[in-house]
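So you can see what is in the structure, the chains are spelled out below.
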Amino acid sequence: MEKRLKNGKRVRLVTGDITRIAAGAIVNAANSALAGGGGVDGAIHRAGGPGIMAELDEIRAKIGRCPAGRAVATSAGRLPAKYVFHAVGPVYRDGQHGEPELLSGCYRTCLQMADEREVHTISFPAISTGVYGYPLSEAAGIALRTVVEYLETRPTGVDEAIFVLFDAAAYDAYAGVLGEYGSAAGTP
Ligand code: AR6
C-alpha cells in the first residue's frame, strides 16, 4: 500500500525483511546497550557484517547507553543503504509509562537524523512490537501519525518513508491505520 501526501511525499507499506530493501537509511530496533540481539537487530548485524558493531563499540565508548526514544547512526556495511539508524524503542508495560511518547520519539529522531544526513528514503521496522511487547495496533497508530505529521509539517528532504512489516498481522495493522488517512491505494 502506498499513500501519497498532499505535498507529494510518500508513505509505503511492504511486507518482508528490512535488510533486503534498499533505502538511504535503514532503521534498526535496537536496545539501550547497543549490543545487538534478536529480531530486526540480529538480522541487520548478520546481513550488514561486523563493521556495524565495530562502529557501535566506538559510539558506546563515547556515550554509554542510548536511551529509549533516541537513536545513533552507523554506516550500513553490506546492507543496501548508506546508514543504519539504531533506534531504541520503549519496553511496553501498560502504555501509561511514557511508552507512546518514547515510541513516537524514535520515529521523529530518525527522521531528523535523515534530514541531517540528506537522506531521502528511510525504512522502518515496527519498532518495539516484537520482544518489547508493544501492541501492534497501538504501535502502528503512533508510528504512522508521527511519520505522516513529520513529512507533512516539517521542511524535510525525506521524500519516502517505507514501513517494512515482517508478517501479515503487522502489515494489516499498519494498513488499517494508513487506510484511514484517505486516498491510500495499491497492494503490498
Ligand atoms: N525485517 C523486518 N521486520 C522484522 C524482521 C526483519 N528482518 N525481524 C523481525 N521483525 P524486534 P523490538 C519484526 O523484536 O520489539 C532485539 O533483541 C518483528 O516481527 O526485532 O523493538 C533488540 O536487540 C516485530 O514486529 O524489536 C532489542 O533487545 C518487529 O520487527 C529488542 O529485540 C520488532 O521486533 C528490541 O525489541
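Keep in mind it's a predicted model, so treat the numbers as computed, not measured.

Enquirer: Give a detailed account of the overall build of the chain, specifying residues and quantitative values.
Expert: Each helix and strand counted, the chain has five helices and seven strands in total. Listed by position from the N terminus, the elements making up the chain come as β-β-β-α-α-β-β-α-β-α-β-α. Against the 2.2 N^0.38 benchmark of 16 Å for 188 residues, the chain shows a C-alpha radius of gyration of 15 Å, consistent with a compact globule. Each of the three principal axes of the chain carries a C-alpha extent, and together these read 45 × 35 × 30 Å. Counting over 188 residues, the chain shows a buried share of 49%. Split by element, the accessible area of the chain, about 8,500 Å² in all, is 52% carbon and sulfur. Mean positive and mean negative side-chain charge positions of the chain (19 and 20 charges, respectively) differ by 4 Å.

Enquirer: Please set out the site of the ligand residue by residue, giving values where relevant.
Expert: Not every one of the 22 residues close to the ligand is listed here, only the nearest: Asn31, Asp41, Ser128, Thr129 and Gly130. A distance of 3.0 Å separates a nitrogen atom of the ligand from a polar atom in the backbone of Ile18. The contact in question runs from an oxygen atom of the ligand to an N or O atom on the backbone of Tyr132, over 3.1 Å. Contact with the protein chains covers 89% of the free accessible surface of the ligand, which is 700 Å². Looking at the shell around the ligand, the elements that each hand over two or more residues are strand S3 (25-30) and helix H1 (39-48). Here the shell around the ligand gets four residues from one element, more than from any other, and that element is H1. The class makeup of the residues in the shell around the ligand is 11 nonpolar, nine polar and two charged.

Enquirer: An account of the environment of Gly105 is needed here, citing residue identities and associated values.
Expert: Note on placement: Gly105 falls in helix H3 (residues 99-116). Judged by relative accessible area, which is 11%, Gly105 ranks as buried. Considered as a pair, Gly105 and Pro135 are 30 residues apart in the sequence and their alpha carbons are 17 Å apart.

Basis of the calculations
Residues numbered from 1 in each chain as written. Predicted model: local features only at pLDDT ≥ 70, side-chain atom pairs only at ≥ 80, totals over all residues. Heavy atoms only, no water. Helix = DSSP H or I, 4+ residues; strand = E, 2+ residues; numbered from the N terminus. Rg over C-alpha atoms; globule rule 2.2 N^0.38 Å. Buried < 20%, exposed > 50% of the residue type's maximum accessible area, 1.4 Å probe, protein only. Areas by Shrake-Rupley, 256 points an atom, 1.4 Å probe, with all protein chains shown as cover. Lys, Arg positive; Asp, Glu negative; His and termini not counted. Charge placed at Lys NZ, Arg CZ, Asp CG, Glu CD. Near = heavy atom within 4 Å. Polar contact = N/O pair within 3.5 Å; in protein donor to acceptor, adjacent residues only side chain to side chain. Nonpolar A, V, L, I, M, F, W, Y, C, P; charged D, E, K, R; others polar.

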